[in-house]
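Structural overview for review
Chain residues, written in single-letter form:
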Amino acid sequence: MEPILLVHGGAGFINDDRKATELLLGVKEAAKAGYKVLKSKNSLLDGLEEAVRVMEDNEIFNAGLGSVLNLDGEVEMDASIMLGSNLNAGGVTVVKNIKNPISLARRVMEKTPHFLLAGEGALKFAKREGFEILSDGALVTEARKLMLENYKKKLAEKKLTNTGEAELGTVGAVAFLNGQVAAATSTGGYEGKMVGRCSDTSIIGSGTYADDESGAVSTTGHGDSIAKVCLAHDICKEMEAGKSAQEATEICVNKMLKRLENTAGAITLSVKGEIGIAFSSNRMSWAYQIGNMLHFGINKNEHNVEIVN
Ligand code: ASP
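In this text, all values refer to a predicted model and were calculated from it rather than measured experimentally.

1. Remarks on the layout of surface pockets
Its boundaries defined by the atoms lining it, the second largest pocket holds a volume of some 280 Å³. Lining of the second largest pocket is provided by 14 residues; of these, Gln246, Ile277, Ala278, Phe279 and Asn301 occupy positions nearest its centre. Those elements that provide at least two residues to the lining of the second largest pocket are helix H8 (245-260), strand E10 (275-279) and strand E11 (283-290). Here the element with the most residues in the lining of the second largest pocket is E10; it accounts for four residues. The class makeup of the residues in the lining of the second largest pocket is six nonpolar, five polar and three charged.

2. Here's the deal with the pattern of salt bridges
In the structure shown here, the tally under the stated rule is 15 salt bridges. Among the ionic pairs, lysine 99 bridges to aspartate 57, the shortest N-O distance being 3.4 Å. Residue lysine 99 is located in the loop between strand E3 (89-95) and helix H3 (101-111), and its partner aspartate 57 is located in the loop between helix H2 (44-56) and strand E2 (77-83); the two are separated by 42 residues in the primary sequence. Owing to a relative accessible area of 37%, lysine 99 belongs among the partly exposed residues under this scheme. Its relative accessible area of 34% is what places aspartate 57 among the partly exposed residues. Here arginine 197 makes a salt bridge to aspartate 224, at a shortest N to O gap of 3.1 Å.

3. Focus on the sheet that holds strand E9 (residues 264-270)
Taken in spatial order, the four strands line up as E7-E8-E9-E10 in an open sheet, and their pairing is antiparallel. The open sheet has two free edges, formed respectively by strand E7 (208-211) and E10, since each of these has just one partner strand. For this sheet, the mean inter-axis angle between neighbouring strands, taken without regard to orientation, is 10°. Both E9 and E10 contribute to a ladder of five bridges, which runs antiparallel. What sits directly across from threonine 268, in E10, is glycine 276. The strands touched by helix H7 (residues 231-240) are E7, strand E8 (215-221) and E9; relative to E8, the strand with the most contacts, the crossing angle is about 145°. Sitting on the sheet, H8 is in contact with E9 and E10, with an inclination near 20° to E10.

4. Let's talk about the side chain of serine 214
Residue position: serine 214 is located in the loop between E7 and E8. A relative accessible area of 4% means that serine 214 is categorised as buried. The residues contacting serine 214, other than those within four sequence positions of it, are Cys236, Met239, Glu240, Ser270 and Val271.

5. Description of the pairing of E3
Extensive coverage of E3 is indicated by the burial of seven of its seven residues. As judged from the five bridges shared by E2 and E3, these two strands associate in the antiparallel manner. Residue pairing in the sheet places isoleucine 81 in a bridge with glycine 90 of E3. Where E2 folds back on E3, the antiparallel hairpin that results is connected by five residues, among which leucine 87 adopts a positive phi of roughly 60°. In this fold, E3 hands off to H3, which returns the chain to strand E4 (residues 117-118); that crossover is left-handed.

6. Here's the deal with the site of the ligand
Close to the ligand lie 13 residues; Thr170, Arg197, Asp200, Thr220 and Gly221 are nearest. With respect to the ligand, the side chain of aspartate 200 contributes an N or O atom lying 2.8 Å from a nitrogen atom. With respect to the ligand, the backbone of glycine 221 contributes an N or O atom lying 2.7 Å from an oxygen atom. Contact with the protein chains hides 100% of the accessible area of the ligand, taken as 260 Å² for the molecule alone. Across the shell around the ligand, the residue classes break down as two nonpolar, nine polar and two charged.

Conventions used here
Residues numbered from 1 in each chain as written. Predicted model: local features only at pLDDT ≥ 70, side-chain atom pairs only at ≥ 80, totals over all residues. Heavy atoms only, no water. 1 Å grid on protein atoms, 1.4 Å probe; cavity = no way out; pocket = protein on both sides within 12 Å on 5 of 7 lines; lining within 4 Å. Points joined across faces, edges and corners; volume = space filled by probe spheres on them. Helix = DSSP H or I, 4+ residues; strand = E, 2+ residues; numbered from the N terminus. Nonpolar A, V, L, I, M, F, W, Y, C, P; charged D, E, K, R; others polar. Salt bridge = Lys/Arg side-chain N within 4 Å of Asp/Glu carboxyl O. Buried < 20%, exposed > 50% of the residue type's maximum accessible area, 1.4 Å probe, protein only. Pairing = 2+ DSSP bridges. Axes fitted to C-alpha atoms, helices over the stretch in contact; angles between N-to-C directions. Contact = heavy atoms within 4.5 Å. Right-handed = clockwise from strand over helix to strand, strands pointing away. Near = heavy atom within 4 Å. Polar contact = N/O pair within 3.5 Å; in protein donor to acceptor, adjacent residues only side chain to side chain. Areas by Shrake-Rupley, 256 points an atom, 1.4 Å probe, with all protein chains shown as cover.

As structure tokens, then:
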């Protein structure tokens, strides 16, 4: 079977059509870049890392550069990665001043006996591994500063209602190669989060999961709910019980909405190479490449196909 690389650019309340167009361009670019590396290096992890890095470097997404700000106006990021063949996994949480948290998460997986490193410890490890440590504020964009100001204004005016649907933009990728799967996810969290808040994205089983006995999943959306239902793992368990990737993804995303009244989205690849894409938010950008065909969409029931040269 042909390799597959599928990415998402976050589920949430995206009502600005110009932003939707930019998100779509961003996920298409990431899917193509990741697919190229997946094929040329014949490596699931290299393909995933490339796809996620491309989105972390694009400030339209809420990951790496362009991450949303915590209440103190700082960027604190989370990321995780997992390989289905041996269940190896690595993550970082509440990490600052690292350009590509997904690469640090991979290093945690490959170079430590742990699955998750937090804050200061993660930074210490990054330094030891030769990662560049950026100066404070280097990942803070003007657009995110403005967003936080508006958020605080609304908070003061008590105009904020907790609909559970914010304009998010977490990024993630899943890949299939020679009957094996892997998954990766990266985020800045959500606007107005408390300092030190740890997201579902860093947690294996919630934001990211991969097992060659079922499939690979990357989730996005209301993280504090996603973590409570262990969404990524839940989807894998449904596949293990015989559901297709699409059925499993829809069932679990809808189950979370019913149970906790918060929205989410997920992308899934089964070990059979089936694709699952579902979201309960109004939009979620996604794209995948198989062979020279690029598939993409952002609205409910939207599925476009383009030939890649
Ligand atoms: N799940 C992320 C978080 O709660 C946000 C997102 O997916 O956009 O931090």
